[in-house]
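Overview (structure and organization)
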Amino acid sequence: MALDFVLRNACIAGQEPRRVDIGVAGGRVVEIASRIDADADGEDIDGRLVVPGFVDTHIHLDKSCILDRCSSREGTLAEAIREVAAAKRDFDEDDIYQRARRTLEKAILQGTMRMRTHVEVDPRVGLKGFAAIRRLQQAYAWAIDIEICVFPQEGLLNDPGTEELLIEACKQGADLIGGCPYTDSDPAGHIERIFAIAREFDLDIDFHLDFDLDPSWTHLEEVCRMTKTTARDGRVTVGHVSKLSSLPPGPLAAMTTRLADAGVAVTVLPSTDLFLMGRNHDHDVPRGVAPAHRLLGSGIVCSIATNNVLNPFTPFGDCSLVRMANLFANVAQLGRPGELASCLDMVTTLPAELMNLTNYGIAVGNPADFVVLDCKDRTSAVAELARPLFGMKSGRRTFVCPPARLLHGA
Ligand SMILES: [Zn+2]
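Please read all numbers here as calculations on a predicted model, not as lab measurements.

As for the packing of aromatic side chains
Counted by the stated rule, this structure contains 4 aromatic pairs. Pairing Tyr182 with Phe211 gives two aromatic rings, centres 5.9 Å apart and planes at 75°, and the pair type is edge-to-face. Note that Tyr182 is positioned in the loop between β9 (176–179) and α5 (187–201) and Phe211 in the loop between β10 (204–209) and α6 (220–229), a separation of 29 residues in sequence. A ring pair is formed by Phe275 and Phe316, whose centres lie 5.7 Å apart and whose planes are at 85°; its orientation type is edge-to-face. Here the residue Phe275 occupies a position in helix α8 (residues 270–276), and Phe316 occupies one in the loop between β13 (302–304) and α10 (321–331), the gap between them amounting to 41 residues. You can call Phe275 buried: its relative accessible area is 15%. Given the relative accessible area of 40%, Phe316 is considered partly exposed. Its guanidinium or amino end placed over the ring of Trp217, Lys243 lies 3.5 Å from that ring's centre, counting from NZ or CZ. Directly above the ring of Phe275 sits Arg279, whose terminal nitrogen or CZ lies 4.7 Å from the centroid.

A closer look at the coordination of the zinc ion
The protein atoms that coordinate the zinc ion are His58 (NE2), His60 (NE2), His208 (NE2) and Asn307 (OD1), at distances spanning 2.0 to 2.3 Å. With 4 donor atoms in place around the zinc ion and angles of 86 to 173° between them, the coordination shape is irregular. For His58, a relative accessible area of 0% gives the class buried. Look at His60 and you get buried, because its relative accessible area is 1%.

With respect to the nonpolar core
Core analysis: the largest hydrophobic core is formed by 106 residues, its most contacted members being Phe207, Leu244 and Phe328. Here the element with the most residues in this core is α10; it accounts for 7 residues. The residues touching Leu244, leaving out its near neighbours within four places in the chain, are Leu220, Leu252, Met255, Leu259, Ala290, Pro291 and Leu295. Counting 17 residues, the second largest nonpolar core, distinct from the first, contains Ala10, Ile45, Val50 and Ala368.

A few points about the side chain of Gln137
Along the chain, the position of Gln137 falls in helix α3 (residues 128–139). The class for Gln137 is buried, based on a relative accessible area of 18%.

Considering helix α4 (residues 162–171)
Burial in α4 covers these residues: Thr162, Glu163, Leu166, Ile167, Ala169 and Cys170. Buried residues of α4, seen end-on, are gathered within an arc of 155° and therefore sit on one face of the element. For α4, the exposed residues lying more than 90 degrees away from the buried face are Glu164 and Lys171. Each element contacted by the buried residues of α4 is listed here: α3, β8 (145–151), β9 and α5. Gly173 occupies a position one or two residues after α4 and carries a positive phi of about 110°.

Remarks on the pairing of strand β12 (residues 264–268)
Burial analysis of β12 places 5 of its 5 residues in the buried class, the great majority of the element. Covered by surrounding structure in β12 are Val264, Val266 and Val268 together with Ala265 and Thr267, the residues of both alternating faces. Bridge count between strand β11 (residues 236–240) and β12: 4 bridges; the pairing is parallel. Along β12, the bridge assignment pairs Val238 with Val266. Handedness of the β-α-β unit built from β11, helix α7 (residues 249–262) and β12 comes out right-handed. The pairing of β12 with β13 spans 3 bridges and is classified as parallel.

Basis of the calculations
Residues numbered from 1 in each chain as written. Predicted model: local features only at pLDDT ≥ 70, side-chain atom pairs only at ≥ 80, totals over all residues. Heavy atoms only, no water. Phe/Tyr/Trp six-rings, centres within 6.5 Å; stacked < 30°, edge-to-face > 60°. Helix = DSSP H or I, 4+ residues; strand = E, 2+ residues; numbered from the N terminus. Buried < 20%, exposed > 50% of the residue type's maximum accessible area, 1.4 Å probe, protein only. Lys NZ or Arg CZ within 6 Å of the ring centre and 35° of its normal. Donors = N, O, S within 2.8 Å, 3.2 Å for Na, K, Ca; no water. Tetrahedral: all angles 85-135°; square planar, octahedral: opposite > 155°, others 65-115°. Core = buried A, V, L, I, M, F, W, Y, C linked by side-chain atoms within 4.5 Å. Contact = heavy atoms within 4.5 Å. Arc of directions from axis to C-beta. Pairing = 2+ DSSP bridges. Right-handed = clockwise from strand over helix to strand, strands pointing away.

Interpretation note: all reported values are geometric properties and have no functional meaning in isolation.
Right, dumping it as structure tokens:
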């Protein structure tokens, strides 16, 4: 078969230190070998690491980049919800599109090629966010696969009209449904309704859950119970679960067993959790980040994700998942090579598993999706915050970020 492109001397993440050539034709990987002799266009990357694109399972494009219209004095979750709820009343579809586009382009330049974006739906904003993000999903399909999770950030049973809008979004093609029981006056009822809608439209579920540090109560057990009774093993994710960080070893082990038994996945959002948690402490502030590294050993699928960008939930954001992996490693006190490599897995292969992606990975037959990093292995990618040098999606180049150069004696 005639090849369109050969990526030469590549070190595929997870197969370090082996070097291979990767042959591409028709937008797909068609050959992987120690050496491919072909008269095709190509690039020799000299043993650098290549990943099949980063996977961000949890980001809010629709409410990104609104710091200019919000205040963030307390830095609490309650303030963030209140401020964004107020700002949201003035959102229109084009405003959402332009802000989301700015954030999405940053994510693409950081090597993200698969994304689950959580979009707010309620009677104030209606389906404007959903409509804007669907346009973006189509406009940027050349660079990134986006799935849209619609969810009621301000509650469901306490907010009449919200459920009808969620159902309308599902009818119009939302990819999955999310829940946010901590803002609802009836959290158990909220969870039950979200499972019911998911069943009606045969969708996966992604909850915002247990987003505080009080170990005396939890919604996680109810989500695990509903996952089992509705046979949605492998189709339910919980995000934040910062409460897990406040559990001593015994109760954490019990909760780990519950999660593993129910087949519920966990997404950690270190930047937001570090910013918002523990605000009632005036010293010795807890980190408040769920210990995903401790859950991995029990077979729980875990991802590390971006969450918010430049809003009162998180006034930071370059959309780099390498930075998120590094931030998590730093906060979780992980430094051994295997530990750092697992942090890179939590922004690549594991989130792909969480999203039930069937065509992810550098393998013959899969789309030719590559991001080349300026490093030699997964450990150095996380330890040194390796920069993405270029990306290719379905065999077409999507971005380039040439390495910085010193100008000695210039
Ligand atoms: Zn979120």
